[in-house]
Amino acid sequence: MKTSNEAVGSPDPSELPEVAEPPRRTVNMVAGTIGHFVEWYDWYIYGLLAAVFSSQIFPSDSPFASLVAALLTYAVGFVVRPLSGIIISPLADRFGRRLILTLSISGMALGALIIGLTPSFATIGFAAPALFLVARVLQGISAGTEQQSAIAFMVEHAPAHRRGLFGSFSNMASGLATLAATGAAALVTSSFAPADLAAWGWRIPFVIGGLLGVIGLVLRARSDETPEFEASALVDQKSAMARLRDLVREHPKALLQAAALSAPAVAYYTWATFLPTYAKLTTGRDLASTLAGSVIGLALLVIIVPICGALSDRLGRRKIFPIIGAIGMIVLFYPLLLLLNQPGFGVYVLVSASGWVVLGIWQSVYPTIQAELFPASVRVSGIGFAHQIVIAVFGGTAPLIAAAFVGSGNPMFVAVYMIAIVSLCLIVYFTLPETGSRSGRATVAQRDPEVLEGEHLIAPGGSQAKGSGS
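Residues numbered from 1 in each chain as written. Predicted model: local features only at pLDDT ≥ 70, side-chain atom pairs only at ≥ 80, totals over all residues. Heavy atoms only, no water.

Colleague: Before we move on, can you summarise the overall build of the chain with the specific residues and values?
Modeller: Secondary structure summary: the chain contains 20 helices and 0 strands in total. Relative to the 2.2 N^0.38 estimate, which gives 23 Å for 470 residues, the radius of gyration of the chain is 22 Å and therefore close to what a compact globule would have. If one aligns the C-alpha atoms of the chain with their principal axes, the spans along those axes are about 70 × 45 × 35 Å. Expressed as a percentage of its 470 residues, the buried residues of the chain come to 60%. (Helix = DSSP H or I, 4+ residues; strand = E, 2+ residues; numbered from the N terminus. Rg over C-alpha atoms; globule rule 2.2 N^0.38 Å. Buried < 20%, exposed > 50% of the residue type's maximum accessible area, 1.4 Å probe, protein only.)

Colleague: Just give me the short version of a nonpolar patch on the surface, but keep the residues and values in it.
Modeller: On the surface, a cluster of nonpolar side chains totalling about 680 Å² of accessible area is made up of Ile 303, Ile 307, Leu 311, Leu 315, Ile 320, Ile 324, Ile 327 and Val 331. At the level of secondary structure, the elements contributing two or more residues to the nonpolar patch comprise helix 13 (287–315) and helix 14 (321–339). Here the element with the most residues in the nonpolar patch is helix 13; it accounts for 4 residues. By secondary structure assignment, the location of Val 331 is in helix 14. (Patch = residues over 30% accessible without salt bridge, like charges linked within 9 Å, V, L, I, M, F, W, Y side chains within 5 Å. Areas by Shrake-Rupley, 256 points an atom, 1.4 Å probe, with all protein chains shown as cover. Salt bridge = Lys/Arg side-chain N within 4 Å of Asp/Glu carboxyl O.)

Colleague: Lay out the pattern of salt bridges in plain terms, naming residues and giving numbers.
Modeller: Between side chains of opposite charge, pairing is possible as soon as their charged atoms come close. Overall, the coordinates contain 10 salt bridges when judged by the stated rule. Across the salt bridge formed by Arg 220 and Glu 146, the nearest N and O atoms sit 2.7 Å from each other. Residue Arg 220 is found in helix 8 (residues 203–221), and its partner Glu 146 is found in helix 5 (residues 127–157); the two are separated by 74 residues along the sequence. Taken individually, Arg 220 and Glu 146 each receive the classification buried, so the pair is uniform in this respect. Taking the shortest distance from any N to any O, the salt bridge between Arg 317 and Glu 372 comes out at 2.9 Å. Taken together, the residues span a long stretch of sequence, with Arg 317 in the loop between helix 13 and helix 14 and Glu 372 in helix 16 (residues 366–373) at a distance of 55 residues. Grouping residues by exposure puts Arg 317 and Glu 372 together as buried. It is possible to trace a salt-bridge network through shared partners that takes in Asp 93, Arg 97, Glu 156, Glu 228 and Arg 379.

Colleague: Which residues make up helix 18 (residues 398–407), and what values do they have?
Modeller: Three- or four-residue spacings in an α-helix give side chains the same orientation, since the helix completes a turn every 3.6 residues. Turning to helix 18, its buried residues number three or more, namely Ala 398, Pro 399, Ala 402, Ala 403 and Val 406. End-on view of helix 18: buried residues confined to an arc of 130 degrees, all on one side of the axis. Its buried side turned inward, helix 18 meets helix 2 (63–95), helix 12 (265–283), helix 17 (379–395) and helix 19 (413–429). Two residues or fewer past helix 18, Gly 409 is found with a positive phi of approximately 85 degrees. (Arc of directions from axis to C-beta. Contact = heavy atoms within 4.5 Å.)

Colleague: Quick one: what's the story with the state of the cysteines, residue by residue and with numbers?
Modeller: Tallied over the entire structure, the rule returns 0 disulfides. In this structure Cys 308 is not part of a disulfide, and its nearest cysteine sulfur, from Cys 425, lies 18 Å away. Classification of Cys 425 as buried rests on a relative accessible area of 4%. (Disulfide = S-S within 2.5 Å.)

Colleague: Let's hear about the environment of Asp 236: which residues, and what values?
Modeller: Its place among the elements puts Asp 236 in the loop between helix 9 (227–235) and helix 10 (240–250). For Asp 236, a relative accessible area of 3% corresponds to the buried category. Considering only alpha carbons, one finds Asp 236 and Pro 205, 31 residues apart in sequence, at a separation of 43 Å. Ignoring anything within four residues of it in the chain, the contact list for Asp 236 reads Arg 243, Ser 377 and Glu 450.

Colleague: An account of the packing of helix 1 (residues 25–57) against helix 3 (residues 97–117) is needed here, citing residue identities and associated values.
Modeller: Interaxial distance between helix 1 and helix 3 falls to 10 Å at its minimum, and their mutual angle equals 35 degrees. Between helix 1 and helix 3 lies a crossing whose hand is left-handed. On helix 3, the residues touching Gly 35, Val 38, Glu 39, Asp 42, Trp 43 and Tyr 46 of helix 1 are Ser 104, Ile 105, Met 108, Ala 109, Ala 112 and Ile 115. In terms of residue class, the contact of helix 1 with helix 3 is made up of 8 nonpolar, 2 polar and 2 charged. (Axes fitted to C-alpha atoms, helices over the stretch in contact; angles between N-to-C directions. Left-handed = near helix turned anticlockwise from the far one by under 90°. Nonpolar A, V, L, I, M, F, W, Y, C, P; charged D, E, K, R; others polar.)

Colleague: Any details on helix 7 (residues 194–201)? Residues and values, ideally.
Modeller: Looking only at helix 7, the buried set comprises Leu 197, Ala 198 and Gly 201. Across the axial projection of helix 7, the buried residues extend over an arc of 135 degrees, all falling on one side.

Colleague: Would you mind going over the side chain of Arg 285 in detail, with residue names and values included?
Modeller: Examined against the element boundaries, Arg 285 turns out to sit in the loop between helix 12 and helix 13. Lacking a salt bridge, the buried Arg 285 has Asp 286 as its closest oppositely charged neighbour, with an N-O distance of 10.0 Å. Side chain to side chain, Arg 285 and Thr 283 meet in a polar contact 3.0 Å long. Residues within four places of Arg 285 in sequence aside, it is in contact with Ala 279, Lys 280, Thr 290, Leu 340, Gln 342, Pro 343, Gly 344, Val 347 and Tyr 348. (Lys, Arg positive; Asp, Glu negative; His and termini not counted. Polar contact = N/O pair within 3.5 Å; in protein donor to acceptor, adjacent residues only side chain to side chain.)

Colleague: Hey, could you go over the packing of aromatic side chains for me, with residue numbers and the actual values?
Modeller: Per the stated rule, a full pass over the model turns up 24 aromatic pairs. Seen in terms of ring centroids, Tyr 268 and Tyr 269 are 6.0 Å apart; in terms of plane orientation they differ by 75 degrees. Their pairing is edge-to-face. Across the pair, exposure class does not vary: Tyr 268 and Tyr 269 are buried alike. Taken together, a centroid distance of 5.1 Å and an interplanar angle of 75 degrees make the contact between Tyr 268 and Trp 356 edge-to-face. Here Tyr 268 is found in helix 12, whereas its partner Trp 356 is found in helix 15 (residues 345–363), with 88 residues between them in sequence. Residue placement shows Arg 81 over the ring face of Trp 43; its charged tip is 5.1 Å from the ring centre. A cation over a ring is seen here: Arg 136 above Tyr 46, with NZ or CZ 5.2 Å from the ring centre. (Phe/Tyr/Trp six-rings, centres within 6.5 Å; stacked < 30°, edge-to-face > 60°. Lys NZ or Arg CZ within 6 Å of the ring centre and 35° of its normal.)

Colleague: Run through the confidence of the model for the chain, naming residues and quoting values.
Modeller: Predicted confidence across the chain gives a mean pLDDT of 84, with 91% of residues reaching 70 or more. Mean pLDDT across the secondary structure elements of the chain bottoms out at helix 20 (residues 449–458), with 80, and peaks at helix 11 (residues 252–262), with 94. Here residues 1–21 is modelled with pLDDT under 50, and outside its nearest four sequence neighbours on either side it reaches 44 contacts, counting other chains as well. Contacts of residues 462–470 to residues separated by more than four positions or lying in other chains number 19 contacts, the stretch itself having pLDDT below 50. (pLDDT = per-residue confidence, 0-100.)

See the structure below:
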């Protein structure tokens, strides 16, 4: 049985016949980026509007208790994510990235429509929170397969000297999605009277997200499979379960490094979905104004991510971006939340924007580094296994833990919690290999003999016979 770490009689890359340029690269990047945008718009809008619809769907004697119930349901999606990531990700390595991406956007869009169209508790009773729970499970399954499949899809479609830029598109898309979701939340909260907003106004962003999902579905269904997957699939036809076993046995260090690259998501989710609510609860700021302030900060993130991604193709991945981004979070988070005690819209914008700058530096390169840590045969499995478990533990619970700190009268513990997790990640970052290369490396991973052999078989004059699998 051939493993991803064994030489498989692959020719030297310099001796390979030239392989034709992958077709429709722009179409594929648009399909990946827009689809990723729709996925995360539908995911984030829930956390941003939880404070608005919580009393309608999760009524209670206390508004705070209703909010906690809504956030607990939000967290259910994160609990499902690692199960989906572990079970379904190997299927993307076995049957292709495109298929799984098409299925994931379908589930996310359906979940958004269920949330947007579910009647209130006063109308259908406990069926309302039950339907929200079903929707969040659907979205959790979809999100559990989306991130890692999209990263592999974009990086594998990228030219060798632009993988940092193309890999950054996934987080640029999620940043745009957060920006759009925050903008939609800000728009509806400022456009409707409180009674209308609580009754039906909050539903509009969810319905729009579901309809956008149909567009993303069409684009993904028309995209191409990645060349690296097709090459690897010719040589390696192992089952999904066998790939998962290979992953755990052969790549434990890469799994730890990939997990550490994802763990600062605790800060991302706090900043994206709870910072406006945090400011409202701790300083009495108006939710509409804090959402508007977050939009300004998020615009910086969307600009910074692709710029830093492109720079990583020239300067390298590890030494600058994850390390500097982590240090920035450690140094800034506590004083930024402390600064929120000062009044004024400008203060909130400064706090939000400063956090998004350091988060953007971290976000710009970690998808590409994660892709480059694993060979194609276990790439989606590796990223998914590490990323989704970490997201479930730290990302999904971040708003809930932050709300608990605020409710207990210790709001600054939110900053301490984020700093502690990012500090542990920083230690791991110093063990990362330099995966960036200006030499036009033949494969995404530093060493991937199965892809090289598959490309040799695909190349003009090569045989189309498939290698045996196990």
